[in-house]
Amino acid sequence: MPRLLVLHGPNLNRLGTREPQQYGRTSLADIEQRLHAVCEAAGVELATGQSNHEGQLVDWIHEAADTGVGFIVINPAALTHTSIALRDALLAAELPFIEVHLSNVHAREGFRQRSYLADAAAGVITGLGADGYEFAVRAAIRRMGGQA
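Reading the values: rules and limits
- Residues numbered from 1 in each chain as written.
- Predicted model: local features only at pLDDT ≥ 70, side-chain atom pairs only at ≥ 80, totals over all residues.
- Heavy atoms only, no water.
- UniProt positions renumbered as here; feature names shortened; annotations may be inferred.
- Phe/Tyr/Trp six-rings, centres within 6.5 Å; stacked < 30°, edge-to-face > 60°.
- Lys NZ or Arg CZ within 6 Å of the ring centre and 35° of its normal.
- Helix = DSSP H or I, 4+ residues; strand = E, 2+ residues; numbered from the N terminus.
- Buried < 20%, exposed > 50% of the residue type's maximum accessible area, 1.4 Å probe, protein only.
- Salt bridge = Lys/Arg side-chain N within 4 Å of Asp/Glu carboxyl O.

- The name given to the protein chain in an unreviewed UniProt entry is 3-dehydroquinate dehydratase, and the organism recorded there is Halorhodospira neutriphila.
- UniProt annotates the protein chain under Catalytic activity (unreviewed entry) with the comment "3-dehydroquinate = 3-dehydroshikimate + H2O".
- Quoted verbatim from the Sequence similarities (unreviewed entry) field of the UniProt record, the comment on the protein chain reads "Belongs to the type-II 3-dehydroquinase family."

Here is the structure:
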């Protein structure tokens, strides 16, 4: 069974209540429920994780490389613009990944418009809210050879 890992970075545990005008009112639990349904229908095993700590995300990426994960979908949140460690972990894992952002980072502050990950990503989805996660998961499933 193909394996997919979806990671959520800092502050995404506050979705639904944190700056709803920017990030919407959908909670992280609601997003993950939708993703589990998509993966179950496609016969893909889904693992998820959210952390406010860069090192934990790095550890999960390392584990993914060692445990047969075929693809990663990641919303690195603010670490997008600051974390060389996250970039290095994704490169070292040698797994394809899609970068996801709920808000349109290109329509926000200048510092949010630079991603340390985008040039290494299979794709980037930005500004489509919670739907962006589902689009990314469906694309990842197709790239792993499944039907989504």
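1. Remarks on the packing of aromatic side chains
Step number 1: Within the structure shown, the criterion is met by 0 aromatic pairs.
Step number 2: Here Arg 114 stacks its cationic end above the ring of Tyr 116, 5.0 Å away from the centre of that ring.

2. Let's talk about the side chain of His 81
Step number 1: By the secondary structure assignment, His 81 is in the loop between strand E3 (71-75) and helix H4 (84-93).
Step number 2: Given the relative accessible area of 13%, His 81 is considered buried.

3. Details of the pattern of salt bridges
Step number 1: A full pass over the atoms with the stated rule returns 5 salt bridges.
Step number 2: As a salt-bridge pair, Arg 3 and Glu 45 come within 3.4 Å of each other at their nearest N and O atoms. Linking Arg 3 in strand E1 (residues 3-8) with Glu 45 in strand E2 (residues 45-50), this pair joins segments that are 42 residues apart in sequence.
Step number 3: Taking the relative accessible area as the measure of exposure, Glu 45 reaches 35% and is therefore partly exposed.
Step number 4: Salt-bridge contacts for Arg 34 lead to Glu 134; the nearest nitrogen and oxygen are separated by 2.9 Å. Residue Arg 34 is found in helix H2 (residues 28-42), and its partner Glu 134 is found in helix H5 (residues 131-143); the two are separated by 100 residues along the sequence.
Step number 5: Assessed through its relative accessible area of 17%, Glu 134 is described here as buried.
Step number 6: Linked by salt bridges that have partners in common, Arg 34, Asp 131, Glu 134 and Arg 138 make up one network.

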